[in-house]
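Coordinates in review
Residues per chain are reported as follows:
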Amino acid sequence: MTSSVIQPADIREVAVIGLGLMGSGIAELVGRSGRRVVAIEINQTFLDQGMARLRASLDKAVSRGKLTDTSRDEILARIRPTDDIPAGVAGADLVIEAIPERMELKRTLFDQLDEACRADAILATNTSSLSITEIAGGTRYPPRVAGLHFFNPAPVMKLVEVISTVLTSPETAETLALLSRDLRKTPVQVSDRAGFIVNALLVPYLNHAVRLLETAQATREDIDKAANLGLGLPMGPLTLLDLIGLDTSLAVLEVLQAEFGGTRYAPAPLLRRLCDARLFGRKSGRGFYDYRHSTPVAHDPASAPLPAEVAVIREPDGRLDELARDIAAAGISVVPQPSPETGLVIVAADPEHRVLDAALTVGHSADVVGIHFIDAGDGKRGLAELVLPDVTAAGTAAKATALAVKLSLDAVTSRDRPGFLTEALAYAQFNDAVRMFQDGYASPADIDTAMMLGCGYPRGPLQMLDDAGPARVVSVLEAMHAATGDQAFTPVPLLAEYATAGIRFRS
Ligand code: NAD
């Protein structure tokens, strides 16, 4: 049994079981660190496939000049492929399993490991959503069992979640954290809870994006664009779902819902339907997008007629002044109030309030569009959200979009629901992140690190929350709750407290 922290230099041989997408990357990573690797699969066919994937990845690094031929050959010489599990794990200081995400398979494997491994070997699972406690509970030496959750692709992604069960010894967790650093990763240490940090924050946000799509809040392209350009995320949520796999995401949601309950984790019906239809995303050729053919551009917004006269309802704070100047500079007549000749009426949209109310006050509500600029920092205008109350005329959206194209604005179109697109998606996730901290599960720094290194966030969610201002986030969430009745949007008590007291999460 592990009774003291093992230094990384003393972990000389690592057995990696399952050479699929994750296991082949983990074997490569460990091999690159100079350690001996035993690469294990269930049969010769899968072993050949896994080793071919690993070799291809190393060859790619060589062709990009990031690895020499000699280094590649040395790494490969340290990796011993086998389909004999007991013999393969016998000399290992550490075993990392990356076999399919099914409890019965993992339990059977850990029974085999009990028999075949040294009593002091550490046994780690790369599971994303199964209970590590349940895996460990059935083993002979549970203190040496822990989670070591890598991200795809394992050689590239910097984050590793090190997960302890109530049975894991602190020395085991510390050994895995030290090893992760030695592998040039950043570990975050947490206890065994559904979704750990990253999936518990990422997957409900993805599910929320599906809800926005299925309730016709916006098109799939605009939902993705809002996250990409409005939040600065590397990829929109629907594109990301297609990449991760809709089935995988649905399975994680089900685990989260079983553990935490509530509406936040209830899978969006559309997500389930697409899984029923076996539209799992990229791997099946189609998910939210179709990857089998290039999608034709359905409609060119620039071809819609531009209004000859636009009314811009200015605000005392000057929010729309720059826009009014830009419209005039584009040769379109700008008036302060709508007249019968006005083709489009622009009001300032605020994610806490309905545009409808402003539209009714101004009159000509069929021609009204709200515009909300996401702050791109340094006072610069970022993404423009064009917000359309349901009472607007059918052609208003096209006119507003044509105007945005004329002005070279990055724009998305949203129905008039609190939060619109960008803040609705972001603030609900910030609320989840605060709940995680409030529960004592992870520190604000670890939450932000995990989302930056695990998902490519430019800033962590709690940093973004601080930047937006806790009080503002609370009022948008309250408006979202009032409009939908969904308890998931109720600001969690700690967020409400911080907002009232003017405290920041990452000061
Ligand atoms: P995968 O299906 O690509 O690979 C699993 C491999 O394990 C297959 O090659 C299979 O032949 C092999 N295998 C099955 N049973 C085995 C056994 N008893 N012994 C040895 N090998 C066996 O799966 P994956 O996507 O690499 O996921 C593996 C694990 O990593 C899962 O627990 C998953 O939740 C987790 N994970 C996946 C990702 C991801 O993005 N795919 C990210 C983090 C963690």
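A brief look at the structure comes next. (Residues numbered from 1 in each chain as written. Predicted model: local features only at pLDDT ≥ 70, side-chain atom pairs only at ≥ 80, totals over all residues. Heavy atoms only, no water.)

Below, the discussion takes up the sheet that holds strand S10 (residues 333-335). The sheet built from 6 strands is open, its strands ordered S10-S9-S11-S12-S13-S14 with mixed pairing. Two strands bound the open sheet, and with one partner strand each, they are S10 and strand S14 (411-415). Going from strand to strand, the sheet's axes swing by 30° on average, the running direction of each strand aside. Both strand S11 (residues 344-348) and strand S12 (residues 368-375) contribute to a ladder of 4 bridges, which runs parallel. The residue bridging Val345 from the neighbouring strand is Val368, located in S12. (Pairing = 2+ DSSP bridges. Helix = DSSP H or I, 4+ residues; strand = E, 2+ residues; numbered from the N terminus. Axes fitted to C-alpha atoms, helices over the stretch in contact; angles between N-to-C directions.)

Take the environment of Gly195 next. Tracing the backbone through its elements, the reader meets Gly195 in the loop between strand S8 (186-191) and helix H8 (198-214). Classification of Gly195 by relative accessible area gives buried; the value is 4%. It is 5.7 Å that separates the C-alpha atoms of Gly195 and Ser129, two residues lying 66 residues apart in sequence. (Buried < 20%, exposed > 50% of the residue type's maximum accessible area, 1.4 Å probe, protein only.)

Here we come to the site of the ligand. Within the structure, the ligand sits among 20 residues, and Met22, Glu41, Glu101, Lys106 and Asn126 are positioned closest to it. Take Met22: an N or O atom from its main chain is 2.8 Å from an oxygen atom of the ligand. In this structure, an oxygen atom belonging to the ligand sits 3.0 Å away from a side-chain N or O atom of Asn126. Of all the elements in the fold, those that place two or more residues in the shell around the ligand are helix H1 (21-32) and strand S6 (145-150). Residues belonging to the shell around the ligand are distributed by class as follows: 10 nonpolar, 7 polar and 3 charged. (Near = heavy atom within 4 Å. Polar contact = N/O pair within 3.5 Å; in protein donor to acceptor, adjacent residues only side chain to side chain. Nonpolar A, V, L, I, M, F, W, Y, C, P; charged D, E, K, R; others polar.)

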